[in-house]
Amino acid sequence: MAVNSSKIVFEDFTGEVSKEIEDRVIKWLQESGAELASTAAQRTRRGTGETADKWTYQLDKSEFACYVGNPLENAIWEEFGTGEYALNDDGRKGGWTYRDEKTGKWRHTYGKTPNRALHHTFKQNEEPLKDLLRSLLGSMK
């Protein structure tokens, strides 16, 4: 829209600028989600590889949000640990015995140490992802 008032012309590009900012933020969210999910998978312990292979991200464009996670219960155990090794020392003490579904053998465990794949992934990528956002928004003309 152009407004002409005694030789002063005002052109309103608010809509175009807002759209460009939204597009760049969504691009950043997609790239960030993909990077975080990939790095979390690389940091996840691999017994069968099942947990590592399930890291993913979901984008909510209406909220400008990206959720990184893993649908498997084991991902929670990997992140926070279990039993005597639980992160906040709130796990079961004394160990327990269970039957291994694959081998059929009985096993005893005191728990699983926390791996913190997602936590460490976020910490590792926090500044580079902020830099990427600055770059994407700072290169607007």
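In case you missed it, the structure is sitting above this.
Residues numbered from 1 in each chain as written. Predicted model: local features only at pLDDT ≥ 70, side-chain atom pairs only at ≥ 80, totals over all residues. Heavy atoms only, no water.

**Notes on the pattern of salt bridges**
Here the structure, examined in full by the defined rule, presents 12 salt bridges. Among the ionic pairs, Glu31 bridges to Lys27, the shortest N-O distance being 3.9 Å. Taken together, the positions of Glu31 and Lys27, both in helix α1 (residues 14-43) and four residues apart, correspond to about one turn of that helix. Its relative accessible area of 40% is what places Lys27 among the partly exposed residues. A salt bridge links Arg134 to Asp131; its shortest N-O distance comes to 2.7 Å. With Arg134 and Asp131 both in helix α3 (residues 117-138) and three residues apart, this pair spans about one turn of that helix. Here Asp131 falls in the partly exposed class, since its relative accessible area comes to 44%. (Salt bridge = Lys/Arg side-chain N within 4 Å of Asp/Glu carboxyl O. Helix = DSSP H or I, 4+ residues; strand = E, 2+ residues; numbered from the N terminus. Buried < 20%, exposed > 50% of the residue type's maximum accessible area, 1.4 Å probe, protein only.)

**Examining a nonpolar patch on the surface**
Where nonpolar side chains cluster on the molecular surface, the patch consists of Phe13, Val17, Ile21 and Leu137 and spans about 310 Å² of accessible area. Phe13 gets classed as partly exposed once you look at its relative accessible area, which sits at 46%. (Patch = residues over 30% accessible without salt bridge, like charges linked within 9 Å, V, L, I, M, F, W, Y side chains within 5 Å. Areas by Shrake-Rupley, 256 points an atom, 1.4 Å probe, with all protein chains shown as cover.)

**With respect to the side chain of Asn70**
Along the polypeptide, Asn70 turns up in the loop between β4 (65-69) and α2 (73-80). Judged by its relative accessible area of 16%, Asn70 is buried. Of the polar contacts made by the side chain of Asn70, one reaches the backbone oxygen of Thr51; its length is 2.7 Å. (Polar contact = N/O pair within 3.5 Å; in protein donor to acceptor, adjacent residues only side chain to side chain.)

**Brief notes about the packing of α1 against α3**
Here α1 crosses α3 at 155 degrees, and the two axes come no closer than 9 Å. Here α1 is positioned roughly antiparallel relative to α3, judged by the angle of their axes. By crossing handedness, the relation of α1 to α3 is classed as right-handed. On α3, the residues that touch Ile21, Arg24, Val25, Lys27, Trp28, Glu31, Ser32, Glu35, Leu36, Thr39, Ala40 and Arg43 of α1 are Ala117, Leu118, His120, Thr121, Phe122, Gln124, Asn125, Leu129, Leu132, Leu133, Leu136 and Leu137. Of the residues contributing to the contact of α1 with α3, the split by class is 13 nonpolar, six polar and five charged. (Axes fitted to C-alpha atoms, helices over the stretch in contact; angles between N-to-C directions. Parallel < 35°, antiparallel > 145°, perpendicular 65-115°, else oblique. Left-handed = near helix turned anticlockwise from the far one by under 90°. Contact = heavy atoms within 4.5 Å. Nonpolar A, V, L, I, M, F, W, Y, C, P; charged D, E, K, R; others polar.)

These values are about where atoms sit, not about what they do.
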